[in-house]
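Listed here are the chains, written in short residue letters.
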Amino acid sequence: MHHALCNVIFPIFERTFISDSYANRVGFGSHRALHRFTKFARSSRYVLQADIRKYFPSIDHEILKSLIYRKIKCPDILWLINTIIDSSNHQEPVLNYFIGDDLLTPLERRHGIPIGNLTSQFFANIYLNSFDHFVKEQIKASQYIRYVDDFALFSDDKVFLQNARVRIEEYLAALRVKMHPIKSQLFEPKHGR
């Protein structure tokens, strides 16, 4: 069922993905992503390498559905998508608070999708697709790559990347996810990590 659903909705979303989003896409993958990462790292002085903290358990159902509803209009397909999302088993507990939340908001909002499902992998790409466009089109990061919840921006301008990080954290807050405080670092690629 998950494969059949993805076969139907994949072409609708595929054309909206940026060329440097690599996970769970035909013709894209970890080897191609690594090659691109290496190319960017060799041509740039700095990299902002980041990871989203507890990504799959943090995915907000309401936000995910709203992103899907923008492209999918068929009531039968939406019913199946809603059934899959709403039937997600409880994930690792995540208590993320954002501006405007009260004490109970993180407990009242349904979040989390299983890591292993094919639909979950595809939904994870959809969830950060608008983020990819924000980084490329608003921040103007010409060298940017994402693989599921790991992403990197490259530049010779350290201040550009520092400012980008602030804007990225603000954008991700609107998606109710946060960058990992330890795994997200700005450094010079020649020094490794």
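The rules we used
- Residues numbered from 1 in each chain as written.
- Predicted model: local features only at pLDDT ≥ 70, side-chain atom pairs only at ≥ 80, totals over all residues.
- Heavy atoms only, no water.
- Helix = DSSP H or I, 4+ residues; strand = E, 2+ residues; numbered from the N terminus.
- Rg over C-alpha atoms; globule rule 2.2 N^0.38 Å.
- Buried < 20%, exposed > 50% of the residue type's maximum accessible area, 1.4 Å probe, protein only.
- Areas by Shrake-Rupley, 256 points an atom, 1.4 Å probe, with all protein chains shown as cover.
- Lys, Arg positive; Asp, Glu negative; His and termini not counted.
- Charge placed at Lys NZ, Arg CZ, Asp CG, Glu CD.
- Contact = heavy atoms within 4.5 Å.

The chain is annotated in an unreviewed UniProt entry as Reverse transcriptase domain-containing protein of Nostoc cf. commune SO-36.

1. Some remarks on the overall build of the chain
Regarding its fold elements, the chain presents eight helices and four strands. For the chain, the C-alpha radius of gyration of 17 Å lies close to 16 Å, the compact-globule estimate for 193 residues. Judged by the C-alpha coordinates and their principal axes, the chain covers about 50 × 45 × 25 Å. Scored against the burial criterion, the 193 residues of the chain give a buried share of 49%. With an accessible surface of roughly 10,200 Å², the chain has 55% of that area assigned to carbon and sulfur atoms. Side-chain charges in the chain split into 26 positive and 20 negative, and the spacing between the mean points of these groups amounts to 6 Å.

2. As for the environment of arginine 36
Along the chain, arginine 36 turns up in helix α2 (residues 30–43). By relative accessible area, arginine 36 is classed as partly exposed at 24%. Counting along the chain gives 16 residues from arginine 36 to aspartate 20, while the straight-line C-alpha distance between them is 8.2 Å. The residues touching arginine 36, leaving out its near neighbours within four places in the chain, are Asp20, Tyr22 and Ile145.

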